[in-house]
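What follows is each chain in one-letter form.
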Amino acid sequence: VLTPPVRTCTHKCVGEENWVDSRTIYIGHKEPPPGTEAFIQQRFPDNRIVSSKYTFWNFIPKNMFEQFRRVANFYFLIIFLVQLIIDTPTSPITSGLPLFFVITVTAIKQGYEDWLRHKADNSVNQCPVHVVQHGKVVRKQSRKLRVGDVVLVKEDETFPCDLILLSTSRDDGTCYVTTASLDGESSHKTYYAVQDTKAHSTEEEVDSIHATIECEQPQPDLYKFVGRINIYMDNEAVARPLGSENLLLRGATLKNTEFIYAVAIYTGMETKMALNYQSKSQKRSAVEKSMNSYLVVYLCILISKALINTALKYVWQADPNRDEPWYNDRTETERQRHIVIRAFTDFLAFMVLFNYIIPVSMYVTVEMQKFLGSYFIMWDDEIFDEELGERAVVNTSDLNEELGQVEYVFTDKTGTLTENNMEFIECCVDGHVYVPHAICNGQLMPGAAGMDMIDTSPGPEVHEELFFRALCLCHTVQVKEEETVDGIKHGIHQGKSTSFYISSSPDEVALVEGMKRLGFTYLRLKDSHMEILNREDEIERFELLEVLTFDSVRRRMSVIVRATGELYLFCKGADSSIFPRIISGKVDQVKARVEHNAVEGLRTLCVAYRPLTPEQYQEVCHLLNGAKLALQDRDKRLAEAYDIIEKDLILLGATAVEDRLQEKAADTIESLHKAGMKVWVLTGDKMETAAATCYASKLFHRNTQILELTTKRTEEQSLHDVLFDLSRTVLRQHGNMTRDTFSGFSGDCTDYGLIIDGATLSAVMRPTQEDSNSGNYKEIFLEICRNCSAVLCCRMAPLQKAQIVKLIKTSEEHPITLAVGDGANDVSMILEAHVGIGIMGKEGRQAVRNSDYAIPKFKHLKKMLLVHGHYYYIRISELVQYFFYKNVCFIFPQFLYQFFCGFSQQPLYDTAYLTLYNISFTSLPILLYSLIEQHINMDILKKDPSLYRDIAKNSLLRWPIFIYWTVLGVYDAIVMFFGAYFLFDNTTFTSNGQMFGNWTFGTLVFTVLVFTVTFKLALDTHYWTWINHFVIWGSLIFFVVFSLLWGGIIWPFLNYQRMYYVFMQMLSSGPAWLSIILLITASLLPDVVKKVICRAMWPTTTERIQVSAYTYIPLISKPRSVCVQCFFISKSEEVTIEIWNVFLATTTQDILLI
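This is a predicted model, so every value here is computed, not measured.

1. Thoughts on the overall build of the chain
And step 1. The helix and strand inventory of the chain stands at 37 helices and 40 strands.
And step 2. Per-residue burial over the chain gives 53% buried out of 1154 residues.
And step 3. Residue pairs at least 24 apart in sequence account for 72% of intrachain contacts in the chain once pairs closer than 6 positions are excluded.
And step 4. By element, 57% of the accessible surface of the chain is carried by carbon and sulfur atoms, the whole surface being about 51,500 Å².

This is the structure we're talking about:
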């Protein structure tokens, strides 16, 4: 039961988190002292986690409702009901059984998945937790935990709900936590107990705490929390601020701390972890959209057939002798029924008769193909990273084929193209460069030739040591000690270090390790004192007074420390956020070195300091405390306080850290370019650093002409002029043609690369009043981008990344977009793109959790798209077209048959054949084809990325190809029907002169139909294994065996025996065998001839590769399955005649290589 708001905030500011109410929690459920505040007992949900969709009671109605929301299922339900209500030519079983099969299979799948969720929920909800009650520790189930309970958590236990830390086993009130299950970060984060309660270390002491907590209502943001604790001492309340550093999240694990006491503030489905369970918006693939369009077309064909037959029936019955023949008198009720009602009933009857043209089983087959096909990605050993021990993850299988349709790739830089494994390269202090192992401990080391030496003047030396100390103090790094072989722990200052640094930021670890190599070693944080080992092996202690944490808006962090009575503020951050705040220091020399390092592709940070007087420090404390205690606008007030404090800085120097390019990142980008994809890099880094990475990763080439759309240029010219200049530049080269028609590596035209920054992008997306009359900037910007082979967007905020993706996604061409990133700042663009891919990097797992697919490294994107994406699209496009084709072949003879039976709605096929055609006889071969078909060997797909272009822009599901398949189906149906009809015209069809009846005629047509559509699929199959042979020929054998059994036994449960001995009698006729062979050949011949002519006259790149690959089979070092197509090629090699497929059987092991 949710609580009504206790307080309502009437004042809201721009950018404020829109929470308008707060909650009050009474620690240990104790009432506040009389006269302090009103005691309002609130009700909160219990601690049960519910991730399941259904219960035992609502599963059937809820699941049925969800399934019948699908148009195809609802349509077949209506048809089934019509068959039950009115007199229709076919049994209700013919529609009901396939529908029942589809609904049952889907319900079983969804029910099983939900049962697993129930099982997981119960294991979590019933796990034991320890709660402090009346000074004693009581054990209870997790689901019974309530808001306000004080919980005892021991080392390596998981937090059962969201908690505020009260005290720990450590004297300094800290504890270490890993949040791997929340964001994937395995590093140990430090959390802090409330200052006034951290000394309470026993159950009795904790139970004596008398306090209330005021905090915001539950929010899904894992990294934000605003609250205040009121501790009552002698009936007076002492208020202390609470922030994210005090909040322990459900799912996180306690590490390196013996125990903690904490109070529950959010439970059950209100915990931050549960609020992040919210499902992502449903993405639909281009293939699914095509399927729905085709379904509408076939629905129109169905209605047209029914209308035509209904009209022709009444034209036929205009003659009284035909309307009511002597052998079929009407009843009086039928004679009196109104003609409109009779016509409508007949229309519904024809709808029922022809309804099989809509392939209901296609949806189940597509779902099974996507679900089972996704395992090929997860099982792929080439998409496995031994270093991480991670495989690819498929979070949604609905978009498999979309991997084969990507036109734009948007990628993050840090951690995606690069390793996010920082190595300290150098630092610059007052213009003097320091390199680890070159100048260390005041000694010139080998390899230091040509380096700037340190000045011996007192000034620089003071600045040098102050710079090193600043980097040793201005961070949030933790020291983790390792145990030696004999189990004794050694401190970092005792001889050689056995400790290592851990932090949520790889940059900080690299900087602290760099300082260690330059002679200043950070030891630990103990009792609010940071300890440093200097070059003289002396330990220096600095009291840590305040930490001004880093955020992506300020792009800097600061600490305030006290040493020997002196107060310092040390600040480090991006050059763009530090330089404007500098009042003294060698700015020009440092700035020059920063720009030099940025061009080299290094990540740079600037370091500055400010000495503080006691009065200034008191003012700082007052500002920070006021901001921290605020329940409303806390973030805004803290940002204002930080802005006031971090000013009048003295520049010390800058650092350079290298983030190496990931293995094969350049090769992957080059392959994506050759495949016709455009790659955009969206990063928050500065332009010079990002540009250097783009050159290294071959996004830009040395002959690429760089176009800049940056703040620097728009300051010199108006945005309008810059955009039109760039537009003229690119269009002068190409005219009105866009680069979509060119390869990124074409030598016929200049390669253009565009660089744009975040500020300019904002101006392009939202022009100011004075610029708004200058035309549509978005369209001009898009035109420029279309003509560039690559685009770099730097200084991007997370929201801007999503805006860029949306801009391209919704442009006139509606291209398929893919976004790939590894951090929380990439989530917005991953969710926005058609396909989102998360990299399992070092910036947490938020990108992985929110993605459609997750891969260990960027290099694996190449196989994901060029091989798996290619195969998925080829397979599902054949599946969709084939399903519509075989249903046209199936139902069009039924339509033609009405012209020969007086439009009496007489079915051509037996009820069993109508029911089992899509379920049993023809479903398994196409399902297997859609899972394992390989029209080209995967090695060739990887070596020749240009093959990806053959399937671009949904080329295999375009309307001309759809119409061809439909016409082919109509042709085959005409051949089957009229071929059998003219053969039946001979009254001596059997050797004994006996004539065949209508059921034998229908069985003959159906036999030809099943064999034709199965052989058609066999002709389209390139990759043959023993499973293909077993399923394709096994399906035909099953049909024959079923027909023999169905017609060879008198079934007692049937009220008719019209099929008795029909199939055997048909097979006993020699002309019937001949007609089956002739009709199958005549049906398949045009398609074979068309393929031969097209391959000879207008071969695609894929077909050329198939010819060259299959006419020559190289020796392979290890056993592999090989698919061979035999061709006779003339000497001029102009005409290729495809004779047949020659198949090499493979072993079971070969199937695993697919």
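What follows picks up the thread again.
2. A closer look at unusual backbone geometry
And step 1. Of note, the phi angle at H134 is positive, near 55 degrees, even though the residue is not glycine.
And step 2. Here H134 shows up in the loop between strand 2 (128–133) and strand 3 (136–141).
And step 3. Given the relative accessible area of 75%, H134 is considered exposed.
And step 4. Of note in the backbone geometry, K953 takes a positive phi value of approximately 55 degrees without being a glycine.
And step 5. Position of K953 among the secondary structure elements: in the loop between helix 30 (938–943) and helix 31 (959–984).

3. So, the nonpolar core
And step 1. Judged by nonpolar contacts, the single largest core of 95 residues is most densely connected at M362, V880, F890, Y909, Y913, F1006 and L1009.
And step 2. In this view, F890 contacts Y356, Y909, Y913, L914, Y917, F1006 and L1009; residues no more than four positions away in its chain are not counted.
And step 3. L399, V409, V679 and L865 belong to the second largest nonpolar core, which has 46 residues in total.

4. Quick notes on the pattern of salt bridges
Pairing between side chains becomes possible if they bear opposite charge and their charged atoms approach one another.
And step 1. All told, the structure shown has 43 salt bridges when counted by the stated rule.
And step 2. A salt bridge links E401 to K370; the nearest nitrogen and oxygen atoms lie 3.2 Å apart. In this pair, E401 is assigned in the loop between strand 16 (393–394) and strand 17 (408–411) and K370 in helix 11 (residues 360–379), connecting sequence segments 31 residues apart.
And step 3. Each of D380, E382, K863 and K942 takes part in one network of salt bridges that share partners.

5. A few points about the environment of S811
And step 1. Assignment of secondary structure puts S811 in the loop between helix 24 (798–809) and strand 36 (817–821).
And step 2. With a relative accessible area of 7%, S811 lands in the buried category.
And step 3. Spatially, the C-alpha atoms of S811 and K778 are 9.7 Å apart, while their sequence positions differ by 33 residues.

6. Re the packing of helix 27 (residues 860–897) against helix 29 (residues 923–932)
And step 1. As a packed pair, helix 27 and helix 29 sit with axes 8 Å apart at the nearest point and diverge in direction by 160 degrees. Relative to helix 29, the element helix 27 lies roughly antiparallel. At the point where helix 27 passes helix 29, the crossing takes the right-handed sense. Here R875, E878, L879, Y882 and F883 of helix 27 lie close against helix 29, whose contacting residues are I926, Y929, S930, L931 and I932.
And step 2. The residue makeup of the contact of helix 27 with helix 29, split by class, is 7 nonpolar, 1 polar and 2 charged.

7. Let's talk about the sheet that holds strand 38 (residues 853–855)
And step 1. With mixed pairing, 9 strands are arranged side by side in an open sheet as 16-38-37-36-17-32-35-34-33. With one partner strand each, in any of the chains shown, strand 16 and strand 33 (705–709) form the two edges of the open sheet.
And step 2. For strand 16 and strand 38, the ladder comprises 2 bridges, and the chain directions are antiparallel. Paired with V393 across the bridge in strand 38 is A854.
And step 3. Where helix 19 (residues 687–696) meets the sheet, it contacts strand 32 (678–682), strand 33, strand 34 (752–757) and strand 35 (790–794), and its direction lies at approximately 150 degrees from that of strand 35.
And step 4. Against the sheet, helix 23 (residues 777–786) touches strand 17, strand 32, strand 33, strand 34 and strand 35, its axis set at about 140 degrees to strand 34.

8. Let's talk about the side chain of T1007
And step 1. Residue placement: T1007 occurs in helix 32 (residues 998–1020).
And step 2. Contact partners of T1007, with chain neighbours within four places excluded, come to F1039, F1063, M1066 and I1076.

9. Focus: the sheet that holds strand 13 (residues 259–266)
And step 1. One open sheet holds the 6 strands; their spatial order is 3-2-4-13-5-11, and the pairing between them is antiparallel. Each having just a single partner strand, strand 3 and strand 11 (247–248) make up the two edges of the open sheet.

10. Here we look at the UniProt feature "active site" (unreviewed entry) in the chain
And step 1. Mapped onto the present numbering, the UniProt feature "active site" (unreviewed entry) falls at D412.
And step 2. Relative to the helices and strands, D412 is located in the loop between strand 17 and strand 18 (418–429).
And step 3. Judged by relative accessible area, D412 falls into the buried class, the value being 3%.
And step 4. In this structure D412 touches L417, L682, T683, K801, V820, G821, D822, D826 and M829, once residues within four positions along its chain are discounted.

11. Re the packing of aromatic side chains
And step 1. Applying the stated criterion to the full structure yields 65 aromatic pairs.
And step 2. Geometrically, the ring pair formed by W959 and F962 is edge-to-face, given 5.4 Å between the ring centres and 80 degrees between the ring planes. Here the residue W959 and the residue F962 both occupy positions in helix 31, the gap between them amounting to 3 residues, near one helical turn.
And step 3. Looking at W959, the relative accessible area reads 41%, which means it is partly exposed.
And step 4. Under the relative-accessibility criterion, F962 is labelled buried at 4%.
And step 5. On the basis of an interplanar angle of 80 degrees and a centroid distance of 5.5 Å, the ring pair of F977 and F1001 is categorised as edge-to-face. One end of the pair, F977, is in helix 31; the other, F1001, is in helix 32, and 24 residues separate them in sequence. One exposure class covers both F977 and F1001, and it is buried.
And step 6. A cation over an aromatic ring shows up here: K591 above the ring of F579, its NZ or CZ 5.1 Å from the ring centre.
And step 7. Above the plane of the ring of Y964 lies K1090, whose end atom (NZ or CZ) is 4.5 Å from the centre.

12. Details of the UniProt feature "binding site: Mg(2+)" (unreviewed entry) in the chain
And step 1. Residues annotated in UniProt with the feature "binding site: Mg(2+)" (unreviewed entry) correspond here to D412, T414, D822 and D826. With the annotated positions falling across 415 residues, the maximum pairwise C-alpha distance of 10.7 Å places them together in a single cluster.
And step 2. At 3.3 Å, the side chain of D412 forms a polar contact with the side chain of K801.
And step 3. Here D822 is to be found in the loop between strand 36 and helix 25 (827–832).
And step 4. Given the relative accessible area of 0%, D822 is considered buried.
And step 5. In terms of polar contacts, D822 uses its side chain to reach the side chain of T416, at 3.4 Å.

Thresholds, definitions, all that
- Residues numbered from 1 in each chain as written.
- Predicted model: local features only at pLDDT ≥ 70, side-chain atom pairs only at ≥ 80, totals over all residues.
- Heavy atoms only, no water.
- Helix = DSSP H or I, 4+ residues; strand = E, 2+ residues; numbered from the N terminus.
- Buried < 20%, exposed > 50% of the residue type's maximum accessible area, 1.4 Å probe, protein only.
- Contact = heavy atoms within 4.5 Å.
- Areas by Shrake-Rupley, 256 points an atom, 1.4 Å probe, with all protein chains shown as cover.
- Core = buried A, V, L, I, M, F, W, Y, C linked by side-chain atoms within 4.5 Å.
- Salt bridge = Lys/Arg side-chain N within 4 Å of Asp/Glu carboxyl O.
- Axes fitted to C-alpha atoms, helices over the stretch in contact; angles between N-to-C directions.
- Parallel < 35°, antiparallel > 145°, perpendicular 65-115°, else oblique.
- Left-handed = near helix turned anticlockwise from the far one by under 90°.
- Nonpolar A, V, L, I, M, F, W, Y, C, P; charged D, E, K, R; others polar.
- Pairing = 2+ DSSP bridges.
- UniProt positions renumbered as here; feature names shortened; annotations may be inferred.
- Phe/Tyr/Trp six-rings, centres within 6.5 Å; stacked < 30°, edge-to-face > 60°.
- Lys NZ or Arg CZ within 6 Å of the ring centre and 35° of its normal.
- Polar contact = N/O pair within 3.5 Å; in protein donor to acceptor, adjacent residues only side chain to side chain.

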